[in-house]
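# Architecture at a glance
Chain residues, written in single-letter form:
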Amino acid sequence: MNSKVRVRFAPSPTGGLHLGGVRTVLYNYLFARKHGGDFVVRIEDTDQTRYVEGAEKYIFECLKWCGIEPDESPLHGGEFAPYRQSERKPIYREYAEKLVNEGFAYYAFDTPEELEKMRSENKTTENPSPQYDGKVRMQMKNSLSLPADKVKKLLDEGTRHVIRIKMPANETISFTDMIHHEVSFESSLVDDKVLLKADGMPTYHLAVVVDDYLMKITHAFRGEEWLSSAPVHIMLWKYLFGLEKMPQWAHLPLIMGPSGKLSKRDGAKYGFPVFAMNWTDSKTNELTEGFKEKGFLPEAFINLLAVLGWNDGTEQELFSMDELIEKFSIERVHKAGAKFDFEKAKWFNHEWIKKLKVNSLKFKVKDVLEAAGIQIADELLLEKVIELVKDRCTLMSDFYEQGKFFFVSPATYDEASVKPKWDEAKKIYFEELAVKLNTELNFTVENIELIFKELAIEKNIKPGELQMLLRVMLVGSKIGPGVFVIAETIGKEETIRRIAKAIEFFSQ
RNA sequence: GGCGCGUUGGUCAAGGGGUUAAGACGCCUCCCUUUCACGGAGGAAUCACGGGUUCGAUUCCCGUACGUGCUACCA
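Residues numbered from 1 in each chain as written. Chains lettered and ligands numbered in written order. Predicted model: local features only at pLDDT ≥ 70, side-chain atom pairs only at ≥ 80, totals over all residues.

Turning to unusual backbone geometry, a few remarks are in order. A cis geometry characterises the amide bond from Ala81 onward to Pro82, with omega recorded as -5 degrees. You will see that His181, though not glycine, has its phi angle at about 60 degrees, which is positive. His181 gets classed as exposed once you count the C-beta atoms within 10 Å, which come to 9. (Buried ≥ 20, exposed ≤ 12 C-beta atoms within 10 Å, placed from the backbone.)

With that settled, the discussion passes to the nonpolar core. Among the nonpolar cores identified, the biggest contains 90 residues, and Leu26, Phe301 and Leu305 are the most heavily contacted of them. Broken down by element, the residue count for this core peaks at 9 residues, all from helix α1 (residues 19–34). Look past the residues within four positions of Leu305 in its chain and what remains in contact with it is Leu19, Val22, Arg23 and Leu26. (Core = buried A, V, L, I, M, F, W, Y, C linked by C-beta atoms within 7 Å. Helix = DSSP H or I, 4+ residues; strand = E, 2+ residues; numbered from the N terminus. Contact = placed C-beta atoms within 7 Å.)

What follows deals with the confidence of the model for chain A. With 96% of its residues at a pLDDT of 70 or more, chain A shows a mean pLDDT of 91. Taken element by element, the predicted model of chain A shows its lowest mean pLDDT in strand β1 (residues 6–9) (71) and its highest in strand β4 (residues 162–165) (98). Scored by ipTM, the complex comes to 0.95, with pTM at 0.93. (pLDDT = per-residue confidence, 0-100.)

Glancing now at the packing of helix α7 (residues 204–214) against helix α8 (residues 230–240). For the pair α7 and α8, interaxial distance at closest approach is 10 Å and the crossing angle is 50 degrees. Relative to α8, the element α7 lies oblique. As α7 packs across α8, the resulting crossing turns out to be right-handed. Facing α7, whose interface residues are His205, Leu206, Val208 and Val209, α8 presents Val232, His233, Leu236, Trp237 and Leu240. (Axes fitted to C-alpha atoms, helices over the stretch in contact; angles between N-to-C directions. Parallel < 35°, antiparallel > 145°, perpendicular 65-115°, else oblique. Left-handed = near helix turned anticlockwise from the far one by under 90°.)

Across the sheet, 3 strands lie side by side as β3-β4-β7; this open sheet has antiparallel pairing. Looking at which strands have only one partner, the edges of the open sheet turn out to be β3 (105–108) and β7 (194–196). With strand direction ignored, the average angle separating the axes of adjacent strands in the sheet is 45 degrees. As judged from the 4 bridges shared by β3 and β4, these two strands associate in the antiparallel manner. Counterpart to Ala108 in the pairing with β4 is Val162. Its contacts with the sheet place helix α4 (residues 89–101) against β3, β4 and β7, and it is angled at close to 105 degrees to β3. (Pairing = 2+ DSSP bridges.)

Here you go:
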């Protein structure tokens, strides 16, 4: 018996990896790591028409970016290979046939038209979506309603058919969910779900059960949208492998968008990312910006996701991956769905930028600046700049706006702020300031400030006003750290050059 | 419509028979700074409703309402 914890994540490679998906993997991963178990990724591709080439690699890239190190077997084979459902078709068929032989499932030959007919005929206001269930199955075309020889004939002729589960009539199906505790259903209210499609591919229902068994999964976490199909899975476990071998389930609360379950479209609609990383829809070629590209740190991303529906009971909100592994517990996961709040998401990123050391930020900031056309020649300067501005950056992309003036002279000036204050006296002041600064051998914050203020007193001008002007001269606008710190950082020559350039500009 | 799941401020949420019902985001005011932030000090804002049980219910039970999910040869 395998007593080791094995959890699995089954992404569907039909779309990008979105918030809900990442959180599901994350909880899987935290649980596995906490209990010293395995974390398995199984690839779902049940619907071939929607299968997207390269999606598997994309998913693994996202996981790695998040700091989740998955078992990469699905990409190159491993203990439980093959991992793609399309390559496991014979396995699923075998179990499906077994169910038929034992009377727990049946062949159904109904065409899409016939199904449509049944649904439209039985449709009433009270029952807007009739099911293929115990009430109607004997009126349909299947191996239960048809005589044996007729069934054999249809099968021999290769008639297209599916295999459906035969849900029992009057049974209360219940199980214990790790989050919702006791949950129960009436079997007669559940329909005869398709297990094996006409093309031989399994539906999710058959695939999860078979794969969870074969891959020796002990705990399975999935979104709450699956809770309604739990009875089907329970029956399959009962018929196929025995209820005692069924993994423990946790149905995670949904992540909600501004209206309903967060959808991939909400991103474009409300202006925030929903995917971990950039995702290009293969059909429309439409690019959706990911959290990574939007300027999120992976540390912040997993942090904000982890606490969307879970907390450790204390006031702590900032958790590193290691802390999450240590403190995560499935019992403290919420029952109710949580609405995603982009403002709070940004706050988490801000906090992580502040929290991280310069060295951890360095290469990412360099990427941001270089992507914007700023070449970084001086690594030491870069480090100093990061230290100076990181507290005021919310997204990684903010490092450009907050840091560019350390590397390049301003291209434009905030004229609206300068114009009303600019006069001949100020002009003379700055001309003399440049001369004085030039003679200073020790170009430090203290000395610059001293020279600046002494000259202001001498000229009888309020230092405050001058400070604002100097800032605009050096930065171009009214942002950034202390103006004397900026001067020291860019150096004497550059400071004097920028003052001269600005005087010329303002005096036109 | 049926079935499932849920419901503490605008959002994330702690708490769980007796509390001034934590904290965070956002918002507002003030301080700091003659920049933008950070930071600091305050503020407005919550137990969906109705019945029980109880000396006492936000907390337990039952209804109702509302939200949300499923109701496909999608996952």
